[in-house]
Amino acid sequence: MRKYYTRACSFYHGRAARSLIKSNKAFPLNGKKDIAFDKIEIFTRHGKKVKNNLINIKDIKKLKKNIRRVVYADLKKIVSKRKNFLKNINFSRHSVMGILNMTPDSFSDGGKYNKKNKSFKHIFNMIASGADIIDVGGESTRPGSKTIDTKIEWNRVKHVLKNFKKKYKKTCLSIDTRKSDLMIKSIKCGVDLINDVSGFEHDPNALSKLKNYNISKIVHHMQGTPTTMQKNPKYKNVILDIYDYFERKIANNPKDRKIIIDPGIGFGKTLKHNLTLISKISLFHSLGFPILVGTSRKKFINQISGKHDSKDRTGGTLASVLFLMSQGVQIFRVHNVNEVKQGILVFKKILLS
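We now turn to the structure provided with this report. (Residues numbered from 1 in each chain as written. Predicted model: local features only at pLDDT ≥ 70, side-chain atom pairs only at ≥ 80, totals over all residues. Heavy atoms only, no water.)

To continue, consider helix α3 (residues 116-128). One turn of the α-helix equals 3.6 residues, which is why residues spaced by three or four share an orientation. With 13 residues, α3 ought to run about 18 Å at 1.5 Å a step, and its terminal C-alpha atoms sit 18 Å apart, in line with that. Listing the buried residues of α3 in full gives Ser119, Phe120, His122, Ile123, Met126 and Ile127. Viewed along the axis of α3, the buried residues span an arc of 155°, placing them on a single side of the element. Facing away from the buried surface of α3 by more than 90 degrees, the exposed residues are Asn117, Lys121 and Ala128. Buried positions along α3 lie against β5 (95-101), β6 (133-137), α4 (150-167) and α11 (337-352). Once α3 ends, the next one or two residues include Gly130, with phi positive near 115°. (Helix = DSSP H or I, 4+ residues; strand = E, 2+ residues; numbered from the N terminus. Expected span 1.5 Å × (residues − 1). Buried < 20%, exposed > 50% of the residue type's maximum accessible area, 1.4 Å probe, protein only. Arc of directions from axis to C-beta. Contact = heavy atoms within 4.5 Å.)

So, in structure tokens, the structure goes:
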């Protein structure tokens, strides 16, 4: 576990960003010239105590040698361009991942698209609305849900997986599963990305089996299991603990560079935990990998909006997506693709003007 952590902050966009980068007053985020930062927040962990210090990048040279060494190593990852390892996905642009739940019991749309004709109609609509990735899941991982048999899960998703690439060769296909047997079957159907909410910990054979395949992965954070995760989740410091989790995962598989990280909003987190993760999300840029966040229709929106809650929670979802976008997050996992895509296009146009 490290002692010092570096978070890029105080972001500028568009013309302002380009001007500051050109005059060496700010650094580019992920190698992009249209988003820059001129300050960093340094977290220092002493046991259970955490201190934070906000400094201008020109003052980094004034830091103590041991801190400066860590900060410069982190900055190298923060400013570096992300490699485009995922087919037809450019990490220099924002991508939308459309959710297709082939389940009868998912928290938001269970039973809505688990028929063959309805599933492909929904896929068509999401792609037409601007989805860059389609994430197919056959097992609900909502709070309190239980693990289902692999055969049941496969029977729910196999029709879509076997036929998807016949119709949508240029659209990235993701499988949302925790089971290695289903991962392998999905890869043989042409899946481009494995999305495991357990961080490849539910199935102890998953990573060893996947070593034979050059497949991209989403490393997701979840405290506990779907059955237990919302039963009084606790952290010493949520943002640093989850950062440590990702750093360990990366260190344990140093040759695996085709990784996207997802802090797992709502997976073993209270409202306060979720808000801290969203507001401080830019800390994870110092890991050097693309970031995916799924806030769509999550409970934290209801907890904040109260009587202004709605079934689709589109307003709350879009508000969180646009903030995350301003912090350099690359991928957004959502239900309402068209509304989110519309919001991104308008917000981006304003930011870059």
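For strand β3 (residues 32-46), the buried fraction is high: 11 of the 15 residues fall into the buried class. Sheet topology note: the strand β1 (residues 4-13)/β3 ladder contains nine bridges and is antiparallel. When the sheet's bridge partners are listed, Thr6 is paired in β3 with Ile42. Sheet analysis places strand β2 (residues 27-29) next to β3, joined by three bridges and oriented antiparallel. When the bridges of β3 are listed, Phe27 appears paired with Phe37. Connecting β2 to the next strand, β3, in antiparallel fashion are two residues, including Asn30 with a positive phi near 55°. (Pairing = 2+ DSSP bridges.)

Note on placement: His159 falls in helix α4. For His159, a relative accessible area of 29% corresponds to the partly exposed category. C-alpha of His159 to C-alpha of Gly14: the two residues are 145 residues apart in sequence and 44 Å apart in space. In this structure His159 touches Lys116 and Phe120, once residues within four positions along its chain are discounted.

Okay, the packing of aromatic side chains next. Taken as a whole and assessed by the stated rule, the structure comprises eight aromatic pairs. Ring geometry for Tyr5 versus Tyr243: centroids 5.4 Å apart, planes at 85°, classification edge-to-face. One end of the pair, Tyr5, is in strand β1; the other, Tyr243, is in helix α7 (residues 238-252), and 238 residues separate them in sequence. The exposure class assigned to Tyr243 is buried, which follows from its relative accessible area of 1%. Aromatic side chains Phe164 and Tyr168 sit 5.4 Å apart centroid to centroid with 50° between the ring planes, which places their arrangement in the tilted category. Residue Phe164 is classed as buried on the basis of its relative accessible area of 0%. Every member of this aromatic cluster is reached through a ring pair, and the members are Tyr5, Tyr243, Tyr245, Phe246 and Phe284. Just above the ring of Tyr5 sits the side chain of Arg2; from NZ or CZ to the centre is 5.6 Å. (Phe/Tyr/Trp six-rings, centres within 6.5 Å; stacked < 30°, edge-to-face > 60°. Lys NZ or Arg CZ within 6 Å of the ring centre and 35° of its normal.)

Turning next to the pairing of strand β7 (residues 172-176). Within β7, five of the five residues are buried, which leaves it mostly tucked inside the rest of the structure. Residues Cys172, Ser174 and Asp176 point to one face of β7 and Leu173 and Ile175 to the other, with burial holding for every one of them. Once the chain exits β6 it traverses α4 before rejoining the sheet at β7, and the crossover so formed is right-handed. This β-α-β element, β7 to helix α5 (residues 180-188) to strand β8 (residues 193-196), shows right-handed connectivity. (Right-handed = clockwise from strand over helix to strand, strands pointing away.)

Turning next to the sheet that holds β8. Here eight strands make up an open sheet; going across it, the order is β10-β9-β8-β7-β6-β5-β12-β11 and the pairing parallel. Of all strands in the sheet, those with a lone pairing partner are β10 (259-262) and β11 (292-293), marking the two edges. With four bridges connecting them, strand β9 (residues 216-220) and β10 associate as parallel partners. Bridged to His220 within β10 is Asp262. Sheet strands in contact with helix α10 (residues 314-326) are β11 and β12 (331-334), and its direction is about 170° off that of β12. (Axes fitted to C-alpha atoms, helices over the stretch in contact; angles between N-to-C directions.)

Take empty space enclosed by the protein next. Applying the stated criterion to the full structure yields one cavity of 30 Å³ or more. Reported here for the largest cavity is a volume of approximately 90 Å³. Lining the largest cavity are Gly199, Phe200, Leu207, Lys217, Val219, Lys249, Ile250, Asn253, Asp256 and Ile259. Put simply, the parts of the chain that give the lining of the largest cavity at least two residues each are β9 and α7. When its residues are assigned to classes, the lining of the largest cavity shows five nonpolar, two polar and three charged. (1 Å grid on protein atoms, 1.4 Å probe; cavity = no way out; pocket = protein on both sides within 12 Å on 5 of 7 lines; lining within 4 Å. Points joined across faces, edges and corners; volume = space filled by probe spheres on them. Nonpolar A, V, L, I, M, F, W, Y, C, P; charged D, E, K, R; others polar.)

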